[in-house]
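Read off the chains here:
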Amino acid sequence: MRNSGDYVRFVLVLAAQDDDQILAETERLTDAYWTGTARGVPALAQALHLLGQMLTEVGMGLTRSRAGQ
């Protein structure tokens, strides 16, 4: 799993509802870890795409940890 601080920071950026900040953080995290969306897509749509990827990864991590119990 990625750095948990990245997840927390991303949620805080989303909560601030600043499109410029959302876009900057989405692009930073996408460049580092995940698959991006087309550049012309609105910032919130890009952020939701990234959030979906994050939640999928967290869910897979939870599934693996339960299977290993």
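Trainee: For the overall build of the protein, give the residues involved together with the corresponding values.
Mentor: Regarding its fold elements, the protein presents 3 helices and 0 strands. Helices and strands in the protein line up, N terminus first, as α-α-α. Each principal axis of the C-alpha distribution contributes one length, and for the protein these read about 45 × 25 × 15 Å. Per-residue burial for the protein yields a buried fraction of 28% across its 69 residues. Nonlocal contacts in the protein, meaning residues at least 24 apart in sequence, comprise 39% of its contacts between residues at least 6 apart. Of the roughly 4600 Å² of accessible surface on the protein, a fraction of 58% belongs to carbon and sulfur atoms. When the 6 basic and 8 acidic side-chain charges of the protein are each reduced to a single mean position, those positions are 12 Å apart.

Trainee: Go over the environment of Asp20 with me, naming the residues and quoting the values.
Mentor: Along the polypeptide, Asp20 turns up in helix α2 (residues 19–32). Relative accessible area serves as the criterion here: at 64%, Asp20 is assigned to the exposed category. Taking the C-alpha atoms as reference points, Asp20 and Gly40, 20 residues apart in sequence, are found 14 Å from one another.

Trainee: Tell me what's going on with the nonpolar core, and back it up with residues and numbers.
Mentor: Membership of the largest hydrophobic core is limited to 11 residues, which are Tyr7, Phe10, Val13, Leu14, Ile22, Leu29, Trp34, Ala43, Ala47, Leu50 and Met54. Breaking this core down by element, the ones donating at least two residues are α1 (4–16), α2 and α3 (43–67).

Trainee: Just give me the short version of α1, but keep the residues and values in it.
Mentor: In a regular helix each residue adds 1.5 Å, so 13 residues correspond to 18 Å; α1 covers 19 Å between its end C-alpha atoms and thus fits that length. Within the sequence span of α1, burial applies to Gly5, Asp6, Tyr7, Phe10, Val13 and Leu14. At the C-terminal side of α1, Gln17 shows a positive phi close to 55 degrees.

Trainee: Could you give me a rundown of unusual backbone geometry, with the residues and numbers involved?
Mentor: In this structure, Gln17 takes a positive phi of about 55 degrees despite not being glycine. Along the chain, the position of Gln17 falls in the loop between α1 and α2. Given a relative accessible area of 68%, Gln17 falls into the exposed group.

Quick notes on the rules
Residues numbered from 1 in each chain as written. Predicted model: local features only at pLDDT ≥ 70, side-chain atom pairs only at ≥ 80, totals over all residues. Heavy atoms only, no water. Helix = DSSP H or I, 4+ residues; strand = E, 2+ residues; numbered from the N terminus. Buried < 20%, exposed > 50% of the residue type's maximum accessible area, 1.4 Å probe, protein only. Contact = heavy atoms within 4.5 Å. Areas by Shrake-Rupley, 256 points an atom, 1.4 Å probe, with all protein chains shown as cover. Lys, Arg positive; Asp, Glu negative; His and termini not counted. Charge placed at Lys NZ, Arg CZ, Asp CG, Glu CD. Core = buried A, V, L, I, M, F, W, Y, C linked by side-chain atoms within 4.5 Å. Expected span 1.5 Å × (residues − 1).

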